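Given next are the chains, with one letter for each unit.
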Amino acid sequence: MLSSVQTEANVARNIEESPTEAIVVAEQEPALPASATKQDEKLVNRAAKHVRDILARTVSQGLEEVGNYLLDTFYEGNAELYQSLKPSKHASLTLLEERCETLELPVSRTFLANAIGVAVMTKHLPKSSSFLKLPPSHKTELLGISTPEKAETLAAKVIEGKLTVQKLRELVRKERAKGKKNPQGRKPMPTVVRVLTSCAKLLNHRETGRLVFRKADFAELTDDQREEVKELLLLFQKRLEEIQKHLGE
C-alpha cells in the first residue's frame, strides 16, 4: 500500500516540476501491438486525448495560479518589481526557493520560476493574446524570449501552424541566436563587459535569476573546501575593488 502511494506521489511531483515534459509525453502515441483490434485503437486514442486534456487543464491552471499568487504576495502584483535586479526585492522568494523539493514544498525551483515567469509575461500582454491560449509546455518555452512582443509573435505562429514543443523550442533558439549577433557596423563587445557578463551568468541560475548555489551546496563542503572558498572570495573581492577603482568609484 505504501509503495502505491509513493508511486502516485512521484508521478504528481513529476508533473508539477516539469509540465512541459508531462504534456509532451502525452502527445506521443506509441504503436499498438499487432494483436490490437481497430476498436482498441479508437479507445486508446480517445483515452490518450482525454488524459492530455486533463493534464493541459490542470497543469495550466496550477502553473498560472501559483505564479499569480507569488507575484501578488512577494511583489504586490508588479511585474517590474520582480524584474528588478536589487537583491532586497527577492529576499522572500529566495527563502521560499530554499524549501523547494522538500515535504513542505514538493516542487522544484524551476517550477516556481516558470510559474512567476508566465504570470509576468501575462501582465505585459492583452487578454486576447495568443500566448494566453497556449498550453503551459509552450508558454514556458517562450519565457526564453527577450520581449513580450516577440513572444506573442511566436505564440501566434504556434497556433497558426499547430507547432509542437520541439518545433517551438527550435524557433526560440533561432530567435535568441539572432539577438546575440552584432548588427553590421557595431563595434564588438568590450572585453570588460564580456568577461563580467560571463561571470554573472555563471553565478546566476539560468531560470530563476538568483544565486546558482543553494544553502545545501555549502553544507556539503568539507572544512578544507570551506577555507578554499573563503580564499576565492577574498580574491574576488580584491578584483572587484580594482574594477571599481578603474571605474572611478
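Let us look at the structure shown here.

What counts, and at which threshold
Residues numbered from 1 in each chain as written. Predicted model: local features only at pLDDT ≥ 70, side-chain atom pairs only at ≥ 80, totals over all residues. Heavy atoms only, no water. Phe/Tyr/Trp six-rings, centres within 6.5 Å; stacked < 30°, edge-to-face > 60°. Buried < 20%, exposed > 50% of the residue type's maximum accessible area, 1.4 Å probe, protein only. Core = buried A, V, L, I, M, F, W, Y, C linked by side-chain atoms within 4.5 Å. Helix = DSSP H or I, 4+ residues; strand = E, 2+ residues; numbered from the N terminus. Contact = heavy atoms within 4.5 Å. Salt bridge = Lys/Arg side-chain N within 4 Å of Asp/Glu carboxyl O. Patch = residues over 30% accessible without salt bridge, like charges linked within 9 Å, V, L, I, M, F, W, Y side chains within 5 Å. Areas by Shrake-Rupley, 256 points an atom, 1.4 Å probe, with all protein chains shown as cover. Expected span 1.5 Å × (residues − 1). 1 Å grid on protein atoms, 1.4 Å probe; cavity = no way out; pocket = protein on both sides within 12 Å on 5 of 7 lines; lining within 4 Å. Points joined across faces, edges and corners; volume = space filled by probe spheres on them. Lys, Arg positive; Asp, Glu negative; His and termini not counted. Charge placed at Lys NZ, Arg CZ, Asp CG, Glu CD.

**Side note on the packing of aromatic side chains**
Where two aromatic rings form a pair, the distance of their centres and the angle of their planes describe that pair.
Reasoning step 1: Throughout the structure, instances matching the rule amount to 2 aromatic pairs.
Reasoning step 2: When the ring of Phe213 is compared with that of Phe218, the centres are 5.9 Å apart and the planes differ by 80°; the resulting orientation is edge-to-face.
Reasoning step 3: Overall, Phe213 belongs to the partly exposed group, its relative accessible area being 40%.

**Thoughts on the nonpolar core**
Reasoning step 1: With 28 residues, the main nonpolar core has Leu71, Tyr82, Ile116, Phe131 and Leu142 as its most contacted residues.
Reasoning step 2: When contributions to this core are tallied by element, the ones reaching two or more residues are α3 (38-75), α4 (79-82), α6 (109-123), α8 (148-161) and α9 (165-180).
Reasoning step 3: Here the element with the most residues in this core is α6; it accounts for 8 residues.
Reasoning step 4: Discounting residues that sit within four places of it in the chain, Leu71 has contacts with Glu76, Gly77, Asn78, Ala79, Tyr82, Ile116, Ala119, Val120 and Lys123.

**Some remarks on the pattern of salt bridges**
Reasoning step 1: Taken as a whole and judged by the stated rule, the model has 8 salt bridges.
Reasoning step 2: Where Arg214 meets Glu101, a salt bridge forms, and the shortest distance between an N and an O atom there is 3.8 Å. Remark: Glu101 occurs in the loop between α5 (91-97) and α6 and Arg214 occurs in the loop between α10 (191-203) and α11 (215-219); sequence separation between them is 113 residues.
Reasoning step 3: Of the residues examined, Glu101 reaches a relative accessible area of 41% and is grouped as partly exposed.
Reasoning step 4: Here Glu227 ties to Lys230 by a salt bridge, and the two come within 3.8 Å at their closest N and O atoms. With Glu227 and Lys230 both in helix α12 (residues 223-246) and 3 residues apart, the pair spans about one turn of that helix.

**Let's talk about a nonpolar patch on the surface**
Reasoning step 1: The grouping of Met189, Val192, Val193 and Leu196 at the surface amounts to a nonpolar patch, some 350 Å² of accessible area in total.
Reasoning step 2: Considering the arrangement of structural elements, one finds Leu196 in helix α10.
Reasoning step 3: Residue classification places Leu196 among the partly exposed positions, given a relative accessible area of 37%.

**As for α6**
Reasoning step 1: The end-to-end C-alpha distance of α6 is 21 Å, a good match for the 21 Å that 15 residues give at a rise of 1.5 Å each.
Reasoning step 2: Extensive coverage of α6 is indicated by the burial of 12 of its 15 residues.
Reasoning step 3: Looking at α6, one finds that the buried residues are Arg109, Phe111, Leu112, Ala113, Asn114, Ala115, Ile116, Gly117, Val118, Ala119, Val120 and Met121.

**So, the layout of surface pockets**
Reasoning step 1: Size it by volume and the second largest pocket reaches roughly 670 Å³.
Reasoning step 2: Cys199, Leu203, Phe213, Leu233 and Phe236 are the residues nearest the centre of the second largest pocket, which is lined by 18 residues in total.
Reasoning step 3: Elements with a contribution of two residues or more to the lining of the second largest pocket: α10, α11 and α12.
Reasoning step 4: Take the lining of the second largest pocket: its biggest share by element is 7 residues, from α12.

**Points about a negative patch on the surface**
Reasoning step 1: A contiguous patch of negative charge on the surface is contributed by Asp223, Asp224, Glu228 and Glu231.
Reasoning step 2: Structurally, Glu231 is set in helix α12.

**Some points on the environment of Glu160**
Reasoning step 1: Examined against the element boundaries, Glu160 turns out to sit in helix α8.
Reasoning step 2: Here Glu160 falls in the exposed class, since its relative accessible area comes to 72%.
Reasoning step 3: For the pair Glu160 and Ser130, spaced 30 residues apart in the sequence, the C-alpha separation amounts to 9.8 Å.

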